[in-house]
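Residue-level structure breakdown
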Amino acid sequence: MSIDVPNDGKALTVTVDGATFARIPIRTRVVMPGDDLDAFISEYATGLVRAGDTLFVTEKIVAITQGRSYTLDEIQPRALARFLSKYVTKTAYGIGLGMPETMEMALRECGTPRILFAAAVSAVTKLFGRRGDFYRIAGDKARAIDGPTSGTIPPYNRAVVLGPKEPAKVAAHLKALIGGQAEVAVVDINDIGGNILGSTLDKAGEQRLVRILKDNPLGQGHQSTPLGVIRAA
């Protein structure tokens with residue numbers, strides 16, 4: 001795809017805090033377990049990123065190259081995972097922890113006590129119309145778990161992908177890999193919001209980046225654009 005063409009249904013530019021930024025998606029092949037992240041970034045991003053840009057990388061491809069994707073057949077949910085998953089609110093934007101396999105991985109990643117505490121608090125606060133407490137308590141590890149959806153590119157339509165390990169260190173490493181003149185962020189962005197899991201930006205820069213990416217310019221289906229560049233327009 002051309003470097004300056006947005007994904008379908010997405011705008012190329014956005015204005016945030018009085019400044020306009022281009023959000024340039026980078027189309028790639030599908031990342032597979034065993035792929036080397038450095039080689040992948042070098043192949044697709046190094047020649048496109050300029051000084052002053054921010055390269056944003058989806059947490060999913062970082063996690064896959066770290067060996068943190070599991071086919072559904074590899075996961076045997078315990079009874080507690082099957083029980084808790086029934087009470088997770090399902091949305092059109094992703095399964096979240098609303099299936100036994102993703103809930104099982106949350107129990108493993110975050111620990112059973114933390115997930116149980118998050119579930120208990122959430123059950124109470126929902127009665128008062130408050131939403132989001134489960135993930136606020138369970139934390140980024142739970143929030144970053146990706147389950148399969150109808151729009152997920154194979155083979156990940158039959159897999160669960162965990163959040164990446166040490167995303168801040170990954171971002172710093174990738175910044176050096178692409179020459180040190182652009183910032184790098186590992187992001188968890190979907191159609192209902194997002195988080196910066198690790199970056200070379202300061203806190204204000206991360207907050208601005210979340211606003212720039214608010215409408216999920218990389219998309220959430222078959223776009224095959226797991227990388228993007230933020231550039232002042």
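Residues numbered from 1 in each chain as written. Predicted model: local features only at pLDDT ≥ 70, side-chain atom pairs only at ≥ 80, totals over all residues. Heavy atoms only, no water.

1. So, the packing of aromatic side chains
Enumeration according to the criterion identifies 3 aromatic pairs in this entry. An angle of 85° between the planes, with centres 5.2 Å apart, marks the rings of F134 and Y135 as edge-to-face. (Phe/Tyr/Trp six-rings, centres within 6.5 Å; stacked < 30°, edge-to-face > 60°.)

2. Quick word on the pattern of salt bridges
Applying the stated rule across the entire model yields 13 salt bridges. Between R143 and D140 there is a salt bridge, with its nearest N and O atoms 2.6 Å apart. Here R143 pairs with D140, and both are found in helix α7 (residues 140–143), just 3 residues apart, close to one helical turn. Assessed through its relative accessible area of 43%, D140 is described here as partly exposed. Connected via shared salt-bridge partners are R78, E104 and R108. (Salt bridge = Lys/Arg side-chain N within 4 Å of Asp/Glu carboxyl O. Helix = DSSP H or I, 4+ residues; strand = E, 2+ residues; numbered from the N terminus. Buried < 20%, exposed > 50% of the residue type's maximum accessible area, 1.4 Å probe, protein only.)

3. Re a nonpolar patch on the surface
A cluster of nonpolar side chains, contributed by V124, L127 and F128, occupies part of the molecular surface with about 390 Å² of accessible area. Relative to the helices and strands, L127 is located in the loop between α5 (112–126) and α6 (133–138). (Patch = residues over 30% accessible without salt bridge, like charges linked within 9 Å, V, L, I, M, F, W, Y side chains within 5 Å. Areas by Shrake-Rupley, 256 points an atom, 1.4 Å probe, with all protein chains shown as cover.)

4. Side note on unusual backbone geometry
With omega at 10°, the peptide bond leading from P154 into P155 counts as cis. Among the secondary structure elements, P155 is positioned in the loop between α7 and β5 (159–161). Positioned with a positive phi, E166 is a non-glycine residue whose angle comes to about 45°. By secondary structure assignment, the location of E166 is in the loop between β5 and α8 (167–177).

5. Examining the packing of helix α1 (residues 37–44) against α8
Interhelical geometry of α1 versus α8 gives an angle of 45° and a closest axis separation of 11 Å. Considering their axes alone, α1 and α8 lie oblique with respect to each other. Between α1 and α8 lies a crossing whose hand is right-handed. Side by side, α1 and α8 meet where L37, D38, I41 and S42 of the first sit next to V170, H173, L174 and L177 of the second. Residue composition of the contact of α1 with α8, by class: 5 nonpolar, 2 polar and 1 charged. (Axes fitted to C-alpha atoms, helices over the stretch in contact; angles between N-to-C directions. Parallel < 35°, antiparallel > 145°, perpendicular 65-115°, else oblique. Left-handed = near helix turned anticlockwise from the far one by under 90°. Contact = heavy atoms within 4.5 Å. Nonpolar A, V, L, I, M, F, W, Y, C, P; charged D, E, K, R; others polar.)

6. With respect to the pairing of strand β1 (residues 13–16)
Pairing of β1 with strand β2 (residues 19–26) involves 4 bridges; the strand directions are antiparallel. Its bridge partner lying in β2, T13 is registered against A22. Between the antiparallel neighbours β1 and β2 lie 2 residues, among them D17 with a positive phi of about 55°. (Pairing = 2+ DSSP bridges.)

7. A look at helix α9 (residues 203–212)
Listing the buried residues of α9 in full gives G205, E206, L209 and I212. Taken down its axis, α9 places every buried residue within 115° of arc, on the same side. (Arc of directions from axis to C-beta.)

Purely geometric stuff here, so don't read any function into it on its own.
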